[in-house]
Protein chains: 2
Amino acid sequence: MARILHDLVCIDDRRPSPFCWRSKFALAHKGLAFEARAVGFTAIPRLYGGGHKTVPILEDDGRVIADSWAIADYLDQAYPDHPLFASPAERALCRFTEAWVFSSVAPLLFPMVVRDIHDHALEQDRAYFRESREQRLGRTLEQASAGREQQIDALRASLGPLRLMLTVQGQSFISGDRPGYADYIVVGILLWAASVTTLPLLAHDDPVVEWFERVRDLHGGIGRTSPTYAIAS
Amino acid sequence: MARILHDLVCIDDRRPSPFCWRSKFALAHKGLAFEARAVGFTAIPRLYGGGHKTVPILEDDGRVIADSWAIADYLDQAYPDHPLFASPAERALCRFTEAWVFSSVAPLLFPMVVRDIHDHALEQDRAYFRESREQRLGRTLEQASAGREQQIDALRASLGPLRLMLTVQGQSFISGDRPGYADYIVVGILLWAASVTTLPLLAHDDPVVEWFERVRDLHGGIGRTSPTYAIAS
């Protein structure tokens, strides 16, 4: 089989990358078999002669595609069955879902779990991870994660749109009756956190938990192919 | 012409309803001519022999359709050209955009503008409006709107997803290169507020302002067919 998704790895074969999760779900959505090949943070620049700083990178029958959006577009072009985006508007609306995640959810979650990511990184990746993330944060990992328990309520509140969709609107998935790329974007950010943190990110009776478990089960349980901690208290 | 959209009216022919705005944009999106017929809060139950509590209500060639989602679905069925939803997933993603608005933006905006709505309601509607909204809020309109200037920063922050989409993602509309129903949902909530409040809801250099003005200009300027105050400081 010549289809490889290079997938960020931490200790215990944990696979936290939210961007890699999207691509794994996208491949599974299309029923395409693939190897999720483990790569640590600092090993990424050695792939394909260098030039790549992040994963996912997809190698498909000799072609190499980097970036989760480029991979999704490539998959829809090369394998039109089970489209990820049936129209340009559908793709744009998924982008907007990503904009919601990256402006409302991820900024809360990142300082809460950044030290957990460090502690779960492969030993040879920890110094790089600490230095690059402390530069981005403008403070130490320890400072960023101090008092993080007090952010749990805000994090749970930030998922209000998903909760309202599930309860008031009665929609099973962000994409409707059937799951789609917007669901994969959002589940990716939660799998990212649950891969490394023991914080109870959600309350046990939150309807978001049911959605999370339902999405993990999809496509043969693609969302259960690497270890996580319990997401709910 | 036998196409009438019953549209909530306040003084000075102001038309605040965010749900009516969606339907007006939807009709204009399809190039369908219509009369936006003014109706005050307390006159709605007298339409079509009673049974309706809210607008929009569309009368189209003898058929009567209430509720903005039902109207959108009806329009796509009756007039397939220029679809509002090209796929079930597109509709579902628009619902999720609505879930974002109603969990993240509207709860901030409602207490900020509720007294302004009261003050702009037709004289015969004010007692009804006050009583029903004070019951919903569990406090007086004056209590709800006290200190509302301190909420402006939070309101502006709540529009983060739209701002990130416009800047980092470089997308012109929530629906992509071309505007769609998700844009109409979001512009509706801002037109609702701008119809009645003189609060500077947005900063003058906020990229959201450009998007707002661009959407208002669409389809022959459908978003400028009734008076508003300036949305930006």
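Residues numbered from 1 in each chain as written. Chains lettered and ligands numbered in written order. Predicted model: local features only at pLDDT ≥ 70, side-chain atom pairs only at ≥ 80, totals over all residues. Heavy atoms only, no water.

Engineer: Can you walk me through the packing of aromatic side chains in this structure?
Structural biologist: Both the distance between ring centres and the angle between the ring planes are used here to describe each pair of aromatic rings. Within the structure shown, the criterion is met by 24 aromatic pairs over all chains. Both rings, one in Phe41(B) and one in Tyr128(B), keep their centres 6.2 Å apart while their planes meet at 45°; by these two values the pair is tilted. Here Phe41(B) is found in the loop between strand E2 (35-39) and strand E3 (57-60), whereas its partner Tyr128(B) is found in helix H4 (residues 126-137), with 87 residues between them in sequence. Take Phe41(B): its relative accessible area is 10%, and that puts it in the buried class. Every member of this aromatic cluster is reached through a ring pair, and the members are Trp21(A), Phe25(A), Trp69(A), Phe85(A), Tyr181(A) and Tyr184(A). In this structure, Arg95(A) packs its charged tip against the face of Trp69(A), placed 4.8 Å from the ring centre. Over the ring of Phe173(A) we find Arg214(A), and its NZ or CZ is 5.3 Å from the ring centre. (Phe/Tyr/Trp six-rings, centres within 6.5 Å; stacked < 30°, edge-to-face > 60°. Helix = DSSP H or I, 4+ residues; strand = E, 2+ residues; numbered from the N terminus. Buried < 20%, exposed > 50% of the residue type's maximum accessible area, 1.4 Å probe, protein only. Lys NZ or Arg CZ within 6 Å of the ring centre and 35° of its normal.)

Engineer: I would appreciate a short explanation of the side chain of Asp60(B) in the present structure.
Structural biologist: Residue and element names in this part refer to chain B. Looking at the element boundaries, Asp60 is found in strand E3. A polar atom in the side chain of Asp60 sits 2.6 Å from the side chain of Tyr79. Ignoring sequence-local partners within four residues, the contact set of Asp60 consists of Ala2, Arg3, Tyr74 and Tyr79. (Polar contact = N/O pair within 3.5 Å; in protein donor to acceptor, adjacent residues only side chain to side chain. Contact = heavy atoms within 4.5 Å.)

Engineer: So what exactly am I meant to see when it comes to the interface of chain A and chain B here?
Structural biologist: With 27 residues of chain A at the interface, the matching set in chain B holds 27 residues. Summed over both partners, the interface of chain A with chain B comes to about 2200 Å²; 69% of that surface belongs to carbon and sulfur atoms. Inspection of the chain A/chain B interface yields eight residue pairs in polar contact (both at pLDDT 80 or more). Within the residue set of the side of chain A that touches chain B, elements represented by two or more residues are helix H3 (88-120) and helix H7 (160-167) of chain A. Broken down by element, the residue count for the side of chain A that touches chain B peaks at 15 residues, all from H3(A). A class-by-class count of the residues in the side of chain A that touches chain B yields 15 nonpolar, nine polar and three charged. (Buried area = accessible area lost by both parts, 1.4 Å probe. Nonpolar A, V, L, I, M, F, W, Y, C, P; charged D, E, K, R; others polar.)

Engineer: Mind showing me how you'd approach the relation of the copies chain A and chain B here?
Structural biologist: Here two copies of a chain appear, and what relates them is a rotation about an axis with a shift along it. Once turned by 180° and shifted 0.0 Å along the axis, chain A lies on chain B with an RMSD of 0.0 Å. In symmetry terms, the pair is related by a two-fold rotation axis. Closest approach to the rotation axis among the C-alpha atoms of chain A is made by Glu90(A), whose C-alpha sits 2.7 Å away. (Least-squares fit on C-alpha atoms with pLDDT ≥ 70 in both.)

Engineer: Would you explain the domain arrangement of chain A in this entry?
Structural biologist: Residues and elements named next belong to chain A. Each domain of chain A was delimited in the assignment, giving domain 1 (4-78) and domain 2 (88-224). The straight-line distance from the C-alpha centre of domain 1 to that of domain 2 is 19 Å. Listed per partner, the contact involves 23 residues of domain 1 and 32 residues of domain 2. Summed over both sides, the interface of domain 1 with domain 2 buries roughly 2500 Å², with 71% coming from carbon and sulfur. It is Phe25, Phe41 and Trp69 that lose the most area in domain 1 upon contact with domain 2, and together they represent 31% of the buried surface on that side. Connecting domain 1 to domain 2 are two salt bridges. The partner of Glu98 in a salt bridge is Arg22, with the nearest N and O atoms 2.8 Å apart. Viewed at the interface, domain 2 and domain 1 are joined by eight residue pairs in polar contact (both at pLDDT 80 or more). Those elements that provide at least two residues to the side of domain 1 that touches domain 2 are helix H1 (18-29) and helix H2 (68-78). (Domains from an automatic or database assignment. Salt bridge = Lys/Arg side-chain N within 4 Å of Asp/Glu carboxyl O.)

Engineer: Sorry, what's going on with the sheet that holds strand E4 (residues 63-66) of chain A here?
Structural biologist: Pairing between the strands of a sheet is mediated by backbone hydrogen bonds and can be parallel or antiparallel. Residues and elements named next belong to chain A. Pairing within the open sheet is mixed, and its four strands lie in the order E2-E1-E3-E4. Each edge of the open sheet is held by one strand with a lone partner, namely strand E2 (35-39) and E4. Neighbour-to-neighbour, the strand axes of this sheet turn through a mean angle of 25°, independent of strand direction. Strand direction decides the pairing type here: strand E1 (residues 3-8) and E2, joined by five bridges, are parallel. Paired with Leu5 across the two strands is Ala36, which belongs to E2. Together, E1, E2 and strand E3 (57-60) form the strand contacts of H1, whose direction differs from that of E1 by roughly 150°. (Pairing = 2+ DSSP bridges. Axes fitted to C-alpha atoms, helices over the stretch in contact; angles between N-to-C directions.)

Engineer: Hey, could you run me through the nonpolar core in this one?
Structural biologist: Side chains that are nonpolar tend, in soluble globular proteins, to be buried together. Of all hydrophobic cores here, the largest spans 156 residues; its most connected members are Tyr181(A), Trp211(A), Tyr181(B) and Trp211(B). Discounting residues that sit within four places of it in the chain, Tyr181(A) has contacts with Arg22(A), Ala26(A), Ser68(A), Trp69(A), Ala72(A), Leu84(A), Phe85(A), Cys94(A) and Ser175(A). (Core = buried A, V, L, I, M, F, W, Y, C linked by side-chain atoms within 4.5 Å.)

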